[in-house]
Amino acid sequence: MSESKPIVIAIDGPSASGKSTNARIISAKLGCIYVDTGAMYRTLAWYALSMGIDVTDMAAVEALCRDWPSKLVRRENNVWLEVDGYFPEKEIRSSEVSKAVSYVAQAPYVREWMKEHQRSCVDFGDLVMEGRDITSNIFPETPHKFYLDASAGERQARRDADGIEEDLAARDQRDSTRKAAPLVVVEGATVINNSGESPEETSARIIALVEAQRQA
Ligand code: CDP
């Protein structure tokens, strides 16, 4: 799937709405690069915690972000942030990082930094990028915009099944009410509620819509 201008499939939605699972399936099927932008925020939150920074202190988080030793790296069809050459893959899924991440994500300078780096991912090729502000703020120009959702009960059950203890409602509330690039449904996004649906079904619906949009 490639043409002169890179294709960007943008997927937003609240926690455990199936973004990562579907983005992974879609990117593999279409031969695109998968970018989990939540992992980028989680990597910064992990780094802040490991440096002993109070993540609710926005000025301290912004100062850290200004010159942290990180770099975007492509491995196979994934792009992620490495810190000092290390990708903290398991560490960024801990309860501590999950609790800290939405504070880090509120900082305006952090969001600018992420936007610049996330937009630069098109240099790697066609993208499936998922997060909270991809349709609204990172790639508002893409015609392929999706907002995934599922019932609050089903989302909490999915996260509990991952074995991670977390109050998703509190994080979703912070993500939807913050000043900088909150989670919203933008005009032109296709809203897909995937409660009770398998990832194979949801991803097939998204791929069919992308194909129809490309032919339109
Ligand atoms: O996996 P889950 O959906 O729970 O979260 P995630 O995608 O790993 O994102 C973790 C957190 O990063 C979110 O709760 C947001 O606070 C922040 N985030 C953001 O602000 N903007 C994005 N584009 C992606 C994530």
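Preceding block: the structure.
Residues numbered from 1 in each chain as written. Predicted model: local features only at pLDDT ≥ 70, side-chain atom pairs only at ≥ 80, totals over all residues. Heavy atoms only, no water.

J.: I keep staring at the overall build of the protein chain and nothing clicks. Help me out?
T.: Within the protein chain one finds 9 helices and 7 strands. Relative to the 2.2 N^0.38 estimate, which gives 17 Å for 216 residues, the radius of gyration of the protein chain is 17 Å and therefore close to what a compact globule would have. Taking the principal axes of the C-alpha coordinates as reference, the protein chain spans close to 50 × 40 × 30 Å. Going through the 216 residues of the protein chain one by one, you find that 50% of them count as buried. (Helix = DSSP H or I, 4+ residues; strand = E, 2+ residues; numbered from the N terminus. Rg over C-alpha atoms; globule rule 2.2 N^0.38 Å. Buried < 20%, exposed > 50% of the residue type's maximum accessible area, 1.4 Å probe, protein only.)

J.: Explanation requested: the pattern of salt bridges in the structure shown.
T.: When the charged atoms of two side chains lie near each other, side chains of opposite charge can form a pair. This model, assessed by the stated rule, comprises 13 salt bridges. Here Glu-82 makes a salt bridge to Arg-75, at a shortest N to O gap of 3.4 Å. On the basis of relative accessible area, Glu-82 is assigned to the buried category, the value being 9%. Look at Arg-75 and you get partly exposed, because its relative accessible area is 42%. Put simply, Arg-159, Asp-162, Glu-166 and Arg-171 are held in one network by salt bridges that share partners. (Salt bridge = Lys/Arg side-chain N within 4 Å of Asp/Glu carboxyl O.)

J.: Can you walk me through the sheet that holds strand β1 (residues 8-12) in this structure?
T.: Sheet strands associate in pairs through backbone hydrogen bonding, adopting either a parallel or an antiparallel arrangement. In space, the 7 strands of this open sheet follow the order β3-β4-β2-β5-β1-β6-β7, with mixed pairing throughout. Both outer strands of the open sheet, β3 (70-75) and β7 (190-193), are each paired with one neighbouring strand and no more. The average angle at which neighbouring strand axes cross in this sheet is 25 degrees, direction not considered. On top of the sheet, helix α1 (residues 19-30) reaches β1, β2 (33-36), β5 (127-131) and β6 (144-149); it is set at about 175 degrees to β5, its chief contact. (Pairing = 2+ DSSP bridges. Axes fitted to C-alpha atoms, helices over the stretch in contact; angles between N-to-C directions. Contact = heavy atoms within 4.5 Å.)

J.: Is there a simple way to explain the site of the ligand in this structure?
T.: Taken together, 20 residues lie around the ligand, and Arg-42, Arg-111, Arg-171, Asp-175 and Arg-178 are the ones closest in. Note that an oxygen atom of the ligand is positioned 2.7 Å from one of the side-chain N or O atoms of Arg-171. Here an oxygen atom of the ligand and a side-chain polar atom of Arg-178 are 2.9 Å apart. Here the ligand loses 97% of its free accessible area of 530 Å² to cover by the protein chains. Broken down by element, the residue count for the shell around the ligand peaks at 4 residues, all from helix α2 (residues 37-50). Its residues placed into classes, the shell around the ligand shows 5 nonpolar, 5 polar and 10 charged. (Near = heavy atom within 4 Å. Polar contact = N/O pair within 3.5 Å; in protein donor to acceptor, adjacent residues only side chain to side chain. Areas by Shrake-Rupley, 256 points an atom, 1.4 Å probe, with all protein chains shown as cover. Nonpolar A, V, L, I, M, F, W, Y, C, P; charged D, E, K, R; others polar.)

J.: For this particular structure, what's the right way to read helix α3 (residues 58-66)?
T.: Taken together, the buried positions of α3 are occupied by Val-61, Glu-62, Leu-64 and Cys-65. Here the buried residues of α3 occupy an arc of 160 degrees about the axis, which is enough to place them on one side. α3 presents Ala-59 and Arg-66 as exposed residues on the side facing more than 90 degrees away from its buried surface. (Arc of directions from axis to C-beta.)

J.: Looking at this model, I keep getting lost on the packing of α2 against helix α5 (residues 108-119). Mind explaining?
T.: Two quantities define a packed helix pair, namely the angle between the axes and the distance from one axis to the other. α5 packs onto α2 with a crossing angle of 135 degrees between their chain directions and a minimal axis gap of 11 Å. Classified by the angle their axes make, α2 and α5 are oblique. With respect to the hand of their crossing, α2 and α5 are arranged in right-handed fashion. Across the interface between the two elements, Thr-37, Met-40, Tyr-41 and Leu-44 from α2 touch Val-110, Arg-111, Met-114, His-117 and Gln-118 from α5. The class makeup of the residues in the contact of α2 with α5 is 5 nonpolar, 3 polar and 1 charged. (Parallel < 35°, antiparallel > 145°, perpendicular 65-115°, else oblique. Left-handed = near helix turned anticlockwise from the far one by under 90°.)

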